[in-house]
Amino acid sequence: MVVSYRISEPSAVFFLLNNIALAVIKITGRGFLVRGAVTIGQLYHTEKYVVGPALNEAYRLDSRVAKSPRILIDPDVLEVARRFRSDIHTASEEAAYVEPFLTVDDDGLFFFDYISFDDVTAVCGGEEQLFPNYLKMIGEMVERGLTHSDAQVQNKYLWLHQKYVATRSSIAELEADNVIRVEFPDVYEKIVALPDYREQATAAMEAVARFEATKL
Amino acid sequence: MSTPATVRAGKTTGEVRAHDHEARLSGAQQAEARLTSCRTDGPACRGHRKLPDSSGVDSNKSVIWGIPVRAVILLNISDLGIKVTAEMSEARKRWRHFETVANRTIVGKMRRRFRIGKWQAIVLKARREVEARRKAPRTPAAYEYRLVLFLDFLGFKELVQQSVADATLLNDLLETIDIVGEIGDGHETTPQANNLLNSLTRW
């Protein structure tokens, strides 16, 4: 699926990233995962045709680089956001609105984090009370993926498992007087009670290692 | 062709483009990029008809009562019994009537000319319109700098295979594809945020 914006539109970067973020969270909440890439470049996009180097690059990022269920974001979008800002924002303000959508992953690439508590609630406006069920849904997908018969599939879900565990831990390790624990004690309790799927992850890592060994 | 700037409560400039069903990808992408979203370029999203710039009663060169000159030259207005001096306030009401009458007149002329039935004439008219569109000169294509999102469902083939035996999954999948199709619809954050919050209640 391809969606494109003309970059000269005011706040185009913010609107696209915001829409993507909301859509990805909705999709994940329904039990599906997506992978993709956002980039900038030359594109010819009409009702009938979509072609151009930017599409080639987005496709390459999606199929060759992203690998896991994540949406990579070209950091150049920040410069575009500064340049084609809203009339009521300065360049710095516009960039500040866009930056929260970009998270640096372990491999140094920028992606949209649809798993962490802060990104889902603070950045995208999801309700805190509903977050435990959302994370539970992700956990169930992680479990299914880690126990998949195909090691390549398991490998993709290991990334999601890592993010899931990190999110769960970030809440579980909060101090007793932390605002989240004080204001949302039931949220805290529900998240702490979620399984960490450690055994499934260990088994999946072994399966992936065996698969990688057979390729050598 | 760019969509007019009337989509979603006047908020967008209509420059958001989806990968429509007929859109073609180049090379290797074509085989894998089966999914398409269709949104703002669809006829349903084009908003109300834009009134012509020149819509005065005296301005019958470019428009008569808001009827594009293209439509006018197809027909002999006097044959339709519509007075050119009608008040502008009547223009909108008359437009729908005009379209109906115009269609009937064209079909009627075809029936007389080719000595054929009503439905044959309608089909012939439709074919001629399609043919005319095909023959229309293509505007020179040019790249423009755009933000591009390429999106893929994880394990899509497997999901589709499972959906053969699971109608609920098929419906869930289609609804989810609709969510992707909504990306870029409108520039207002609040309604979409509300949609998100509504969807959260399903978790």
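Heads up: the structure comes first, above all this text.
Residues numbered from 1 in each chain as written. Chains lettered and ligands numbered in written order. Predicted model: local features only at pLDDT ≥ 70, side-chain atom pairs only at ≥ 80, totals over all residues. Heavy atoms only, no water.

S.K.: Can you tell me about unusual backbone geometry, naming the residues and giving the values?
M.R.: Residues and elements named next belong to chain A. Positive phi, normally seen in glycine, also occurs at S11, with a value near 60 degrees. Following the sequence through the fold, S11 ends up in the loop between strand 1 (2-6) and helix 1 (12-29). For S11, a relative accessible area of 5% puts it in the buried group. We note that K67 has phi near 60 degrees; this positive angle belongs to a residue other than glycine. In this fold, K67 is placed in the loop between helix 2 (53-66) and strand 4 (71-73). Note on K67: relative accessible area 54%, which makes it exposed. (Helix = DSSP H or I, 4+ residues; strand = E, 2+ residues; numbered from the N terminus. Buried < 20%, exposed > 50% of the residue type's maximum accessible area, 1.4 Å probe, protein only.)

S.K.: Before we move on, can you summarise the packing of aromatic side chains with the specific residues and values?
M.R.: Residues and elements named next belong to chain A. Overall, the coordinates contain 10 aromatic pairs over all chains when judged by the stated rule. Both rings, one in F14 and one in F101, keep their centres 5.9 Å apart while their planes meet at 65 degrees; by these two values the pair is edge-to-face. Of this pair, F14 sits in helix 1 while F101 sits in the loop between helix 4 (91-98) and strand 5 (103-104), and the two are 87 residues apart along the sequence. Each of the two residues, F14 as well as F101, counts as buried. Both rings, one in Y164 and one in Y197, keep their centres 5.7 Å apart while their planes meet at 45 degrees; by these two values the pair is tilted. Remark: Y197 occurs in the loop between helix 9 (185-192) and helix 10 (198-215) and Y164 occurs in helix 7 (residues 151-172); sequence separation between them is 33 residues. For the pair Y164 and Y197, one class covers both residues: buried. Between the NZ or CZ atom of R181 and the centre of the ring of Y188, over which it lies, the distance is 3.9 Å. (Phe/Tyr/Trp six-rings, centres within 6.5 Å; stacked < 30°, edge-to-face > 60°. Lys NZ or Arg CZ within 6 Å of the ring centre and 35° of its normal.)

S.K.: Can you break down the packing of helix 1 of chain A against helix 4 of chain A residue by residue, with the values?
M.R.: Residue and element names in this part refer to chain A. One can describe the packing of helix 1 onto helix 4 by two numbers: an axis separation of 9 Å at closest approach and a directional angle of 10 degrees. The pairing of helix 1 with helix 4 is recorded here as roughly parallel in orientation. Between helix 1 and helix 4, the residues in contact are V13, F14 and L17 and E94, Y97 and V98, respectively. The class makeup of the residues in the contact of helix 1 with helix 4 is five nonpolar, no polar and one charged. (Axes fitted to C-alpha atoms, helices over the stretch in contact; angles between N-to-C directions. Parallel < 35°, antiparallel > 145°, perpendicular 65-115°, else oblique. Contact = heavy atoms within 4.5 Å. Nonpolar A, V, L, I, M, F, W, Y, C, P; charged D, E, K, R; others polar.)

Note that all results are geometric; they support no functional claim without further evidence.
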